[in-house]
Amino acid sequence: MKVTVIGSGYVGLVTGACLSDMGNDVVCLDVDARKIGLLQDGKIPIYEPGLQEVVRRNVEAGRLHFTTDVPAAVQHGTLQFIGVGTPPDEDGSADLQYVIAAARSIGRHMTDYKVVIDKSTVPVGTAAKVKAAVAEELAARGQSVDFAVVSNPEFLKEGAAVEDFMRPDRVVVGADDERAVLLMRALYAPFTRNRDRLLVMDLASAEFTKYAANAMLATRISFMNELALLAERVGADIELVRRGIGSDPRIGTQFLYAGAGYGGSCFPKDVKALVRAAQDNGITLQVLTAVEEANERQKKVLVDKVVRRFGEDLTGRQFALWGLAFKPDTDDMREAPSRVIVEELIRRGADVAAFDPVAMHEARRSFGDLPGLRFVADQAAALQGSDALLIVTEWRQFKSPDFEQIKATLRQPVIIDGRNLYDPGLMASLGIEYVGIGRGAR
Ligand SMILES: NC(=O)C1=CN([C@@H]2O[C@H](COP(=O)(O)OP(=O)(O)OC[C@H]3O[C@@H](n4cnc5c(N)ncnc54)[C@H](O)[C@@H]3O)[C@@H](O)[C@H]2O)C=CC1
Ligand SMILES: O=C(O)[C@H]1O[C@H](OP(=O)(O)OP(=O)(O)OC[C@H]2O[C@@H](n3ccc(=O)[nH]c3=O)[C@H](O)[C@@H]2O)[C@H](O)[C@@H](O)[C@@H]1O
C-alpha cells in the first residue's frame, strides 16, 4: 500500500520504517529540513535500537523515502499518518496546532481518496477537528474529494520501539468508515496475523484508550514510589514487596519498579492532559492528580537522600551521576528526572560529574552551559573526586560495575541508587554505604 507519514520523530520514523519493512511504499515527511537531510544521508537522528537497520534495508529496497516536499508527500499515500508532536499547552491540555497543521496540509494537496490516520496522542474530539480542518481546506480549493479520519494511537516504548511496533500487544483502530477499517485491517494484518489483536472501536474510545493506558502505567509507578517511602520507614524492602505482589497474575510484574520518578515525553504530559480534560468537563480526577504530585516529589527523592547523608549545604562536594536519559536505551532527555536532580544538587552548591552511555549529546543540548555540571568521558571518570555515586538511569553497563574500583576511587564509598540495581547485603559486605529506593529492610 502507499503510505505517507507526516512527522518523522520517534513515532513517525518507527511507523514509516516498520510499515515499509512489510512491503508498503512509504514516504516520510517532516518540516525539519535538518532531520530529513540526515535521514536522506542514511543517518538516524535519534538513538533507537534496531531502527538504523530497518531504515537502511528499506531505503535500499526503494520502499522508504524522506522528504520535505509537502504536495508530493500528500499525493503519494492513500493512507496518511499524522505522527507530529502534541506537547502540553500552558494549562496542561494537549497543544493540537501541529496535528491541525498536518491535517490542513493534507486537505490542501489531496486529489483522491485518503484515510487520515491520527497516530499522535490526542484528546477525545480531535478526530472531528482533523476532519473539519481537511474539509475546510478542500472547500477553500472548491474540491470535493472523499476521505475518512481514523484514530490509531501508538503504544510503543522508546528503547524498544521497533520490537513494540513489529509485535504489538494490540492495535487500536477508532473509525466510523467501513472502507477505512478494511484498509487498516489489511495494513496491520502482517503485524497481527497469528494473534487477532486488532481492536476496532469508535473514534472517541480509541482516543481515550491511549490516555487511559499511559495513565494506568504512570499510576502503578507512583503507587510503588509512595509505598517505597513507607517501606523505608517501616523496615521493609520494596524490591521484595514488588516480587511478592507481582507474582499475582491480577497484578502482574511490569511497571512496578520504584525509582527516581517517571519522565519522558509522554507520561508527564499525558497525565496532565487527562487531568485537564476532566477539569474541562467538570470532573476532578483525584487519583491522577495525586499520581502527578507523587511523581514531582519522587524526582527529588535522590537529592533528599544526599541531603540526609551530606547535609543541606553541599558546597565543596562533588557527586558522580550515572545516567542522564529518562530511561535506558534512548538518548531522550525530555522530562528526565536527571534534570531535577542535577539542578537541585547544583543549587545547593555541589558540583556534578555526569556520564551517560548514549545521551551525552542530548544532555549537553538540554542543560546548556550549566556552571557546576561537567560531562565526563566514561563512568569511571565520574567517580574521581566525587563524594558519592548517584545512579539515575539503569543502563545495562551500570548493573555489574567494578565495586572495588568504585570504593577505591570515590572520596567516600557511598552509592545512592535511584534504580535499585544492587543487593544491599552485597554492598554491606563490600564496605560500601548503600542507599536505595524503599530498601528499609535491616
Ligand atoms: N515518543 C514516544 O515514545 C511516543 C510518542 N507518542 C505520541 O506521538 C506523537 C509524536 O511524538 P514523538 O514522535 O515523540 O515526537 P517528535 O517530537 O520526536 O517528532 C515529531 C515530528 O513532527 C514534525 N512536525 C511537526 N509539525 C509538522 C508538520 N506540520 N508537518 C510535518 N512534520 C511536522 C517535527 O518536526 C518532528 O520531527 C505525540 O503525540 C506523542 O505523544 C505516542 C507513543 C510513543
Ligand atoms: O505514549 C508514549 O509515548 C509511550 O509512553 C511510555 O513509553 P516511554 O515513555 O517510552 O517509556 P517507559 O518504558 O514507559 O518509561 C517511562 C518512564 O517510567 C519510568 N518507569 C517505568 C517502569 C517502572 O516500573 N518504573 C519506572 O519508574 C521509566 O524510568 C521512565 O522514566 C509507554 O510505556 C508506551 O506504551 C507509550 O506508547
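About the cut-offs
- Residues numbered from 1 in each chain as written.
- Chains lettered and ligands numbered in written order.
- Predicted model: local features only at pLDDT ≥ 70, side-chain atom pairs only at ≥ 80, totals over all residues.
- Buried ≥ 20, exposed ≤ 12 C-beta atoms within 10 Å, placed from the backbone.
- Helix = DSSP H or I, 4+ residues; strand = E, 2+ residues; numbered from the N terminus.
- Pairing = 2+ DSSP bridges.
- Right-handed = clockwise from strand over helix to strand, strands pointing away.
- Near = placed C-beta within 6 Å.
- Nonpolar A, V, L, I, M, F, W, Y, C, P; charged D, E, K, R; others polar.
- Domains from an automatic or database assignment.
- Contact = placed C-beta atoms within 7 Å.
- Axes fitted to C-alpha atoms, helices over the stretch in contact; angles between N-to-C directions.
- UniProt positions renumbered as here; feature names shortened; annotations may be inferred.
- Parallel < 35°, antiparallel > 145°, perpendicular 65-115°, else oblique.
- Left-handed = near helix turned anticlockwise from the far one by under 90°.
- Core = buried A, V, L, I, M, F, W, Y, C linked by C-beta atoms within 7 Å.

Here's the deal with the pairing of strand E13 (residues 414-417)
The two faces of E13 match: Val-414 and Ile-416 on one face and Ile-415 and Asp-417 on the other face are all buried. Sheet topology places strand E12 (residues 388-391) next to E13; three bridges connect them, and they run parallel. Bridged to Leu-390 within E13 is Ile-416. With helix H17 (residues 403-409) bridging E12 and the parallel E13, this β-α-β connection has right-handed handedness. Bridging between E13 and strand E14 (residues 433-435) involves three bridges; their strand directions are parallel.

Looking at unusual backbone geometry
Peptide bonds are, in most cases, trans, and in most cases residues other than glycine have a negative phi. Unusually for a residue other than glycine, Phe-255 sits at a positive phi of about 60°. One non-glycine residue, Asp-329, lies in positive phi territory at about 65°.

Some remarks on the site of ligand 2
Around ligand 2, the surrounding shell holds 20 residues, and the nearest of these are Glu-158, Tyr-257, Tyr-262, Gly-264 and Cys-266. Along the lines of polarity and charge, the residues of the shell around ligand 2 split into 11 nonpolar, five polar and four charged. Here the shell around ligand 2 spans two domains, since at least three of its residues come from each of domain 1 (2-201) and domain 2 (217-435).

A few points about the environment of Glu-48
With respect to the element layout, Glu-48 can be found in the loop between helix H2 (33-40) and helix H3 (51-60). Among the residues examined, Glu-48 registers 24 C-beta atoms within 10 Å and is labelled buried. Sequence separation of Glu-48 and Val-303 is 255 residues, and the distance between their C-alpha atoms is 30 Å. If sequence neighbours within four positions are ignored, Glu-48 has contacts with Val-14, Glu-158, Ala-161, Val-162 and Thr-330.

Structural notes on the sheet that holds E13
The six strands lie next to each other as E11-E10-E9-E12-E13-E14, forming an open sheet whose pairing is parallel. Unpaired on one side and paired on the other, strand E11 (373-375) and E14 mark the two borders of the sheet. In this sheet, neighbouring strand axes are inclined to one another by 20° on average, regardless of whether the strands run parallel or antiparallel. Contacts from helix H14 (residues 337-347) reach strand E9 (318-322), strand E10 (351-355) and E11 within the one sheet, and its direction differs from that of E10 by about 155°.

Describing the UniProt feature "active site" (unreviewed entry) in the protein
On the UniProt side, "active site" (unreviewed entry) is annotated at positions that read Cys-266 here. Within the fold, Cys-266 resides in the loop between helix H10 (238-246) and helix H11 (267-280). In this structure Cys-266 comes out as buried when scored by C-beta crowding, with 23 C-beta atoms within 10 Å. Residues in contact with Cys-266, not counting those within four places in the same chain, are Thr-121 and Asn-214.

Some remarks on the packing of helix H9 (residues 203-234) against H11
Relative orientation of the contacting elements H9 and H11 amounts to 115°, with a least axis distance of 9 Å. As judged from the angle between their axes, H9 and H11 are roughly perpendicular. Of the two possible hands of crossing, H9 and H11 adopt the one that is left-handed. Touching Tyr-211, Asn-214, Ala-215, Leu-217 and Ala-218 of H9 are Phe-267, Asp-270, Val-271, Ala-273 and Leu-274, all from H11. Class assignment of the residues belonging to the contact of H9 with H11 gives a composition of eight nonpolar, one polar and one charged.

Some details on the nonpolar core
With 123 residues, the main nonpolar core has Val-116, Leu-321, Leu-389 and Leu-390 as its most contacted residues. The residues that make up this core include at least three from each of domain 1 (2-201) and domain 2 (217-435). Discounting chain neighbours no more than four positions away, the residues touching Leu-389 are Ala-320, Trp-322, Leu-383, Ile-406, Leu-410 and Ile-415.

Focus on the UniProt feature "binding site: substrate" (unreviewed entry) in the protein
The residues that UniProt annotates with the feature "binding site: substrate" (unreviewed entry) are Phe-155, Leu-156, Lys-157, Glu-158, Lys-210, Phe-255, Leu-256, Tyr-257, Ala-258, Gly-259, Gly-263 and Lys-327. What stands out for the annotated residues spanning 173 residues is how far apart their C-alpha atoms range, the widest pair being 23.7 Å apart. Tracing the sequence through the fold places Leu-156 in the loop between strand E6 (147-151) and helix H7 (161-166). In this structure Leu-156 comes out as partly exposed when scored by C-beta crowding, with 19 C-beta atoms within 10 Å. Leaving out residues up to four positions away in the same chain, Leu-256 has contacts with Arg-220, Met-224, Arg-242 and Gly-246.

Quick look at the site of ligand 1
Around ligand 1, the structure places 26 residues, and the nearest of them are Gly-7, Gly-9, Val-11, Ser-120 and Thr-121. Residue composition of the shell around ligand 1, by class: 11 nonpolar, 10 polar and five charged.

Focus on the domain arrangement of the protein
Per the domain assignment, the segments making up the protein are domain 1 (2-201) and domain 2 (217-435). A C-alpha centroid distance of 34 Å is found between domain 1 and domain 2. Taken together, the residues of the side of domain 1 that touches domain 2 sort by class into seven nonpolar, four polar and three charged.

A closer look at the environment of Gly-142
Within the secondary structure layout, Gly-142 lies in the loop between helix H6 (126-140) and E6. Between the alpha carbons of Gly-142 and Thr-209 there is a distance of 36 Å; along the sequence they are 67 residues apart.

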